[in-house]
Structure formats: structure tokens, C-alpha cells
Amino acid sequence: MTTKLSVNLNKIALLRNARDGEIPSLADAARRVLDAGAAGITVHPRPDMRHIRPSDVFVLASLVASEYPDRELNIEGNPKAGPNTLGYPGFMQILLDVGPTQATLVPDSDDQLTSDHGWDLPRQSEEIAEQVAKIQAAGSRVSLFMDASGVDAMQEAARIGAERIEIYTGPYAEAHQERSNTPKRLQQELESYATTARAAEECGLGVNAGHDLNLDNLSELITAHAPLEVSIGHAFTADALVYGLSETVRRYIAVLN
């Protein structure tokens, strides 16, 4: 099995939003990464609309559906994020209107810099079980953003109906960066990730992975346990400044293969 690459376009939108206008074009960026072989694109429309805007989501959904029907659109966000005065319609409304291939539910606050923890299950189960059912009824696959927390949480994710989990790989990425100073921590993080991934699969869940993955640390994670999909945005965009979008896709796919 080859792990699929989903390219997160948030930072492309962040650059565009630094000035008025539509440069760089999200649609053009999406076409370039999909033409280069990416299996899909990911967006995370936050309530403060710092990068991806609700209107972007509809444009990208239409592009994928019409031009790349064999690829996936993954929309990330907190199902509890409601409408606001900035024009944000609420995350659930976006999902139900768009009907992406996959909805990744993330427990982040409205103004959080980046996603940095997973759902605390079973404590938060009842908060999201209803939304999981609504999203699936609308035709989207549901993935829950989860820490590498072992068996019990995976069983609970399956119980409330999720089809996949996305393991938060931030701790692994940090340990990999500091591996020369704390080699044991790196091994511990890899073992926690792999144990959680196996536990999820035993519960019938598919496994995705994401956060702070890059060309340097991706191969060790894949060797420990190959997920179905990785979602990469920040490091991907930084690499694209050096290699270009198409070549960056090819480099990540080469690591995944």
C-alpha cells in the first residue's frame, strides 16, 4: 500500500490574503499539485478567515469535482465553530453545503494558531457524535484528529461512528528535530504512533497522519506504520518556495513510495 498525499493549501491562501486580489491563485495551485500526482487537497477554513475563506472552499470543491473526479477534497475544522460577523457561516454549514470526500474534525479553538491536540475521548464523545452522524448522512467520510493515545480512545472513535482517525504527529516531528539530544524520545514517539495506528485498524478504523511532517521526518514515520494518507501544508509550502509546487509534490511522493 502506498500512502496518499493530500496537500494543504492554507499557507497559499495566507500569502494571497497578505494583499488585495487573487495572487497567488488557489485554483492554479490546486491544479498544479493535482496534475503533479497529489491524491487530494486539504483546507482548514477557520472562523477568523486568516487563510482559507468559505468562498475558497466552494471554488476548490467545484474544481475537484469537475476536473479531478478521482481525487479527494478534505475539509478540516471544529464542528462546534459557529457563524460569526466576519461572514463565516459555521463549520458544519460549510461541510453540509459542500459535501467533501472527507471531513476531518479537529478540536481547536477559534483563534488557535494551529491544531496541537486531538479529541479527548470518551470525555468529548457526546459533543461530536451527533455531528459525525450528520456529516456521514450528507455523504462525507469522517476522520477524527486524535493524539497517539492508544487503544481505548480508538475504540471510542469507532463506537461513535468515525471511519478514520488522523494521528497528530506534532510530538513525533518535534522529537525527530531534537533526535541528536533525545534519541530515546524519538523512539518512544514512533512506538506510540505505531501502537495507536495498529489499535485503530483493529477497531476497523482507517489511519491518516498529519502535522509538522516534512521531507526529513516522513520516511521514518512511514516505516514505523504506513498510514492511508498524510496531509502536509506548512512544510510543503516552504519546500515549494525552493523547488516549485510540482517538483515538491514529486519529492513527497518519492518519499511515500
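Read on for an overview of the structure. (Residues numbered from 1 in each chain as written. Predicted model: local features only at pLDDT ≥ 70, side-chain atom pairs only at ≥ 80, totals over all residues. Heavy atoms only, no water.)

1. Side note on the nonpolar core
Core analysis: the largest hydrophobic core is formed by 73 residues, its most contacted members being Leu9, Val33, Ile41, Leu105, Leu144, Ile165 and Ile232. Every residue in contact with Leu144, bar those within four places of it in the chain, is listed here: Leu105, Trp119, Leu121, Ile128, Val132, Ala157, Ile160, Ala162, Arg164, Ile165 and Glu166. (Core = buried A, V, L, I, M, F, W, Y, C linked by side-chain atoms within 4.5 Å. Buried < 20%, exposed > 50% of the residue type's maximum accessible area, 1.4 Å probe, protein only. Contact = heavy atoms within 4.5 Å.)

2. Some remarks on the pairing of strand β1 (residues 4-8)
Where burial is concerned, most of β1 is hidden: four out of the five residues are buried. Both β1 and strand β8 (residues 229-232) contribute to a ladder of four bridges, which runs parallel. Considered in β8, the bridge of Lys4 is made with Glu229. Where β1 meets strand β2 (residues 40-43), three bridges bridge the pair, whose relative direction is parallel. Bridge pairing in β2 links Ser6 to Gly40. (Helix = DSSP H or I, 4+ residues; strand = E, 2+ residues; numbered from the N terminus. Pairing = 2+ DSSP bridges.)

3. Focus: unusual backbone geometry
Between Ile23 and the following residue, Pro24, the backbone shows a cis peptide bond with an omega angle of -5°. Relative to the helices and strands, Pro24 is located in the loop between α1 (10-17) and α2 (26-35). With an omega of 10°, the peptide bond running from Leu121 to Pro122 counts as cis. Structurally, Pro122 can be placed in the loop between β4 (102-105) and α5 (125-137). Of note in the backbone geometry, Asp212 takes a positive phi value of approximately 65° without being a glycine. With a relative accessible area of 43%, Asp212 lands in the partly exposed category.

4. Details of the packing of aromatic side chains
Using the criterion set out here, one finds two aromatic pairs in the structure. When the centroid spacing of 5.5 Å and the interplanar angle of 55° are considered together, the rings of Phe145 and Tyr168 count as tilted. Remark: Tyr168 occurs in strand β6 (residues 164-168) and Phe145 occurs in strand β5 (residues 141-146); sequence separation between them is 23 residues. Here Phe145 falls in the buried class, since its relative accessible area comes to 3%. Taking the centre distance of 5.8 Å and the plane angle of 40° together, the rings of Phe236 and Tyr252 count as tilted. In this pair, Phe236 sits in helix α10 (residues 234-243) while Tyr252 sits in helix α11 (residues 245-256), placing the two residues 16 residues apart along the sequence. Overall, the relative accessible area of 2% leaves Phe236 in the buried class. Judged by its relative accessible area of 0%, Tyr252 falls in the buried class. The residue whose ring lies beneath Arg251 is Tyr243, and the NZ or CZ to ring-centre distance is 3.7 Å. (Phe/Tyr/Trp six-rings, centres within 6.5 Å; stacked < 30°, edge-to-face > 60°. Lys NZ or Arg CZ within 6 Å of the ring centre and 35° of its normal.)

Nothing here speaks to function; it is geometry throughout.
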